[in-house]
Amino acid sequence: MTEHHPHPAGGTPSRPFGRLLTAMVSPFTREGELDLDGAARLATHLVDEQGNDALVINGTTGESPTTTDAEKEHLVRTAVAAVGDRARVVAGIGTNDTRHTIELAIAAEKAGAHGLLLVTPYYNKPPQAGLLRHFTAVADATGLPVMLYDIPGRTGTPIATETLVRAAEHDRVVAVKDAKGDLTATSWVTSRTDLAYYSGDDALTLPLLSVGAVGLVGTSTHLTGVLAKQMIEAYERGDVAAALALHRRLLPLFTGIFRTQGTILVKAAMAAAGLPAGPVRPPLVDATEAEVAQLRRDCADAGLELPA
């Protein structure tokens, strides 16, 4: 491991996965089986039409809790074959079992992934020393760059500032998907390391950019990708007013996509747009007519049309 150093004053932080990533849903058939042809089509749409620099496959939005290890590997291979020549494919491999996580990391590397998304172990609530050991063991297991995923609302355990600083000493721990909602903590980490911070909360992207973030791993970006990327680019070139205008325009979808669990509404939106999605797997349930009607209103409020 080598020590990372803060960015020089006025320097441009690295973007190991570009500016815009979408945590892609996993398309299923009507019977609930994996739809690999649909996954290839959707990945192509997100990269070629929505402007994504990278895709996260097998994240929570991709229903990773209910897909098998074999299905996860197939999804990574499919995405790499479809868009790997022009976008990075980041494989979600995190579990609450270090040994299983390492197995998934090795499988993702063999399947052609360009990076790994490593969520904080959930439910068993390890201490910070356990988190650091987990992150280091997984980062040691492959040659791929790792994005840590800090989302205490789902995992029950935040990654402490000092743990993130220590983790950043590892050559392959290069980024954080930040869904902690603590701008002060994020500020301390970005000031003390060269970790590339990506917003893991669509609506907090602009505030996070102001304290050193470099991009977004989005959910609403299945629909808002082009405009969300424009918002990031506007902020980077110093046009804060334009970035703020786009933030305010997209706020109805940045937040509305999470009126119920995000995967549910994204799949409803993709189906309405004629794109592959299919049903969700239990224990999730598909969107109701009322939820889809509200989603259409949220799209309209953001200046986007969801086909009827």
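Fair warning: this is a prediction, and the values are worked out from it, not measured in the lab. Residue positions are counted from 1 within each chain, in the order its sequence is given. Totals for whole chains, interfaces and linings use every residue, but because this is a predicted model, local features are given only for residues with pLDDT of at least 70 and side-chain atom pairs only at 80 or more, for both listing and counting. Hydrogen atoms and water are omitted, and side-chain values are computed over all heavy atoms in the structure.

1. Observations regarding the side chain of glutamate 63
And then number 1: Helix numbering and strand numbering both begin at the N terminus, where a helix is a DSSP run of H or I of at least 4 residues and a strand a DSSP run of E of at least 2. Checked against the element boundaries, glutamate 63 lands in the loop between β2 (54-57) and α2 (69-83).
And then number 2: Within the structure, the side chain of glutamate 63 is placed 2.8 Å from the backbone nitrogen of arginine 281, a separation counted as a polar contact. Here a polar contact is recorded for every N or O atom pair within 3.5 Å, except that within protein the pair must consist of a potential hydrogen donor and a potential acceptor, and residues adjacent in sequence are included only if both atoms are side-chain atoms.

2. Things to note about the pattern of salt bridges
And then number 1: We define a salt bridge as a side-chain nitrogen of Lys or Arg found within 4 Å of a carboxyl oxygen belonging to Asp or Glu. Inspection of every chain in the model, using the stated rule, returns 11 salt bridges.
And then number 2: Across the pair aspartate 85 and arginine 86 runs a salt bridge, and its minimum N-O distance is 2.8 Å.
And then number 3: Summary of the burial criterion: residues with accessible area below 20% of their type's maximum are buried, those above 50% are exposed, and those between are partly exposed, where the area comes from a 1.4 Å probe applied to protein chains only. For aspartate 85, a relative accessible area of 66% puts it in the exposed group.
And then number 4: Classification of arginine 86 as partly exposed rests on a relative accessible area of 38%.
And then number 5: The partner of aspartate 298 in a salt bridge is arginine 259, with the nearest N and O atoms 2.8 Å apart. Of this pair, aspartate 298 sits in helix α12 (residues 289-301) while arginine 259 sits in the loop between α10 (240-256) and α11 (262-272), and the two are 39 residues apart along the sequence.
And then number 6: Looking at aspartate 298, the relative accessible area reads 2%, which means it is buried.
And then number 7: Here the salt bridges share partners, and the residues they tie into one network are Arg15, Arg19 and Glu236.

3. Focus on the UniProt feature "binding site: pyruvate" (unreviewed entry) in the protein chain
And then number 1: UniProt positions are given in the numbering used here, feature names are shortened, and annotations may be inferred rather than shown by experiment. According to UniProt, the "binding site: pyruvate" (unreviewed entry) feature falls on Thr61 and Val217. Taken together, the annotated residues stretch across 157 residues yet fold into one region, lying no more than 11.0 Å apart by C-alpha.
And then number 2: Mapped onto the fold, threonine 61 is located in the loop between β2 and α2.
And then number 3: The exposure class of threonine 61 is buried, given its relative accessible area of 11%.
And then number 4: Sequence-distant contacts of threonine 61, that is, excluding residues within four places in its chain, are made with Ala23, Met24, Val25, Ser26, Thr219, His222 and Thr263.
And then number 5: Every residue in contact with valine 217, bar those within four places of it in the chain, is listed here: Leu21, Ala23, Val56, Met147, Lys177, Tyr198, Ser199, Gly200 and Asp202. Should any heavy atoms of two residues lie within 4.5 Å, those residues are counted as being in contact.

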